[in-house]
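Commentary on secondary and tertiary structure
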Amino acid sequence: MSISNVTIFMPSVLTLIGIPGLESVQCWIGIPFCAMYLIAMIGNFLLLIIIISEHSLHQPMHIFLGMLGVTDIALSTSIVPKMLGIFWFHVTEIYFDSCLLQMWLIHTFQCTESGILLAMALDRYVAICYPLRHAAIFSHQLVTQIAAMVTLRAAILVAPCLVLIKFRLQFYHTTVISHSYCEHMAVVKLAAENIRVNKIYGLFVAFTVTGLDIVLIMLSYIQIFITVFRLPQKEARLKAFNTCVAHICVFLQFYSLGFFSFFAHRFGSHIPPYIHILFSSTYLLVPPFLNPLVYGAKTKQIRVPMVKIFCSKNLL
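First, a word on what this report is: a plain description of the structure on this page. Worth saying up front: this structure is predicted, and the values here are computed from it rather than measured.

**Looking at the sheet that holds strand β2 (residues 13-16)**
- The strand order across the open sheet built from 3 strands is β3-β2-β5, with neighbouring strands paired in mixed fashion. Two strands in the sheet have a free side with no partner beyond their single neighbour: β3 (93-95) and β5 (176-177).
- The sheet contact formed by β2 and β3 spans 3 bridges and is antiparallel. Each bridged residue has a counterpart across the sheet, and for L14 the counterpart in β3 is I94.
- Contacting β2, β3 and β5, helix α3 (residues 96-129) runs over the sheet at an angle of about 85° to β3.

See the structure below:
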């Protein structure tokens with residue numbers, strides 16, 4: 001029997017079912033996801049307003065933080081509106097090309113966020129290990145170049161994933177995606193053809209971007225900790241370490257959740273689907289939700305203006 005008799009040829013519409021096994025309670029699950037999205041949007045917009053308006057924050061670390069805020073807004077907006085449409089209004093259908101676009105946006109913003117976290121780690125490394133040369137090394141020109149490189153790296157590396165799906169995979173077992181958004185492997189697994197190339201390229205992108213970034217971030221912080229612990233005064237050590245705490249918290253939560261989601265989708269066949277879908281959805285929403293809270297609480301230059309904004313609103 002030919003493959004065309006038992007499969008679907010190049011479907012124009014796909015169906016996202018949300019969280020398999022929890023369809024009956026998805027309307028309730030949507031409430032905390034909506035709350036996190038709204039807090040993430042408000043927090044990141046406030047963060048951007050403060051960074052733009054405060055001239056003292058026009059430094060590399062805070063510029064990277066602003067880029068992180070823009071990326072978080074874009075990432076969460078690529079996912080949550082459609083996800084809530086599935087949970088609350090049962091709008092499950094999505095055009096095939098729109099699904100590929102969502103997939104490209106999500107993974108591009110993920111890779112961009114990883115690159116920004118690396119840039120922030122390198123900035124802390126130079127600021128602490130070579131403080132007298134920091135201003136000369138991290139010039140505005142270099143910051144602009146890093147921003148362009150991080151964005152282009154993500155967009156260019158993720159684009160072939162779309163091409164490999166669009167032009168290699170023509171026959172599909174089903175059009176139903178057991179997910180709440182268009183994730184690369186969730187779409188690829190629908191195909192009735194050999195998906196080995198797609199899997200290999202997906203792993204290549206993951207380890208080229210995330211793997212390399214994690215190694216460089218860890219090496220940066222090893223050097224930072226060595227330098228900090230060599231400082232003679234306890235107050236100086238605490239002050240230097242305190243400048244890194246927020247970034248370390250963001251780094252740990254971003255990569256720990258990310259690696260669980262990545263490996264569970266490829267090797268976690270024994271994990272119930274609803275657990276994996278919940279974790280992968282939470283993984284994409286937690287960083288945009290937590291980043292402004294973490295940096296707002298731990299960074300005095302951001303915390304003080306943010307408190308002033310809320311106090312002025314209360315007085316009015």
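**Thoughts on the packing of aromatic side chains**
- The tally for this structure, following the rule as stated, stands at 11 aromatic pairs.
- Between F64 and F138, the aromatic rings sit 6.3 Å apart at their centres with planes inclined by 85°, giving edge-to-face as the arrangement. Residue F64 is located in helix α2 (residues 60-89), and its partner F138 is located in the loop between α4 (134-137) and α5 (140-168); the two are separated by 74 residues in the primary sequence.
- By relative accessible area, which is 7% here, F138 ends up buried.
- On the numbers, 6.5 Å between centres and 40° between planes, the contact of F225 with F229 is tilted. Separated by 4 residues within a single helix, F225 and F229 lie in helix α7 (residues 196-229), roughly one turn from each other.
- On the basis of relative accessibility, which here comes to 28%, the residue F225 falls in the partly exposed class.

**So, the environment of I39**
- With respect to the element layout, I39 can be found in helix α1 (residues 26-53).
- Spatially, the C-alpha atoms of I39 and L101 are 25 Å apart, while their sequence positions differ by 62 residues.

**Observations regarding the side chain of Q110**
- In this structure, Q110 sits in helix α3.
- A residue is classified by how much of its surface remains accessible, and Q110, at 13% relative accessible area, is buried.
- Apart from residues lying up to four places away in sequence, Q110 is in contact with L75, F254, Y283 and L284.

Conventions adopted
- All residue numbers here refer to positions counted from 1 along the written sequence of the relevant chain.
- Restriction of local features to residues with pLDDT of at least 70 applies here, the model being predicted, together with a cutoff of 80 or more for giving and counting side-chain atom pairs; totals for whole chains, interfaces and linings are based on all residues.
- In computing side-chain properties, one takes all heavy atoms of the structure into account and sets aside hydrogens as well as water.
- By definition, two strands form a pair when at least two bridges between them are found by DSSP.
- To qualify as a helix, a DSSP run of H or I must reach at least 4 residues; to qualify as a strand, a run of E must reach at least 2; elements of each kind are numbered from the N terminus.
- In what follows, residue pairs with any heavy atoms lying within 4.5 Å of each other are defined as contacts.
- The angle between two axes is taken between their N-to-C directions and runs from 0 to 180 degrees, where each axis is a line fitted to C-alpha atoms and a helix contributes only its stretch in contact.
- Aromatic contacts are taken between Phe, Tyr and Trp rings whose centres are within 6.5 Å, Trp giving its six-membered ring; a plane angle under 30 degrees counts as stacked, one over 60 as edge-to-face, and the others as tilted.
- The classification of residues rests on relative accessible area computed with a 1.4 Å probe and restricted to protein chains. Under 20% of the type maximum is buried, over 50% is exposed, and intermediate values are partly exposed.

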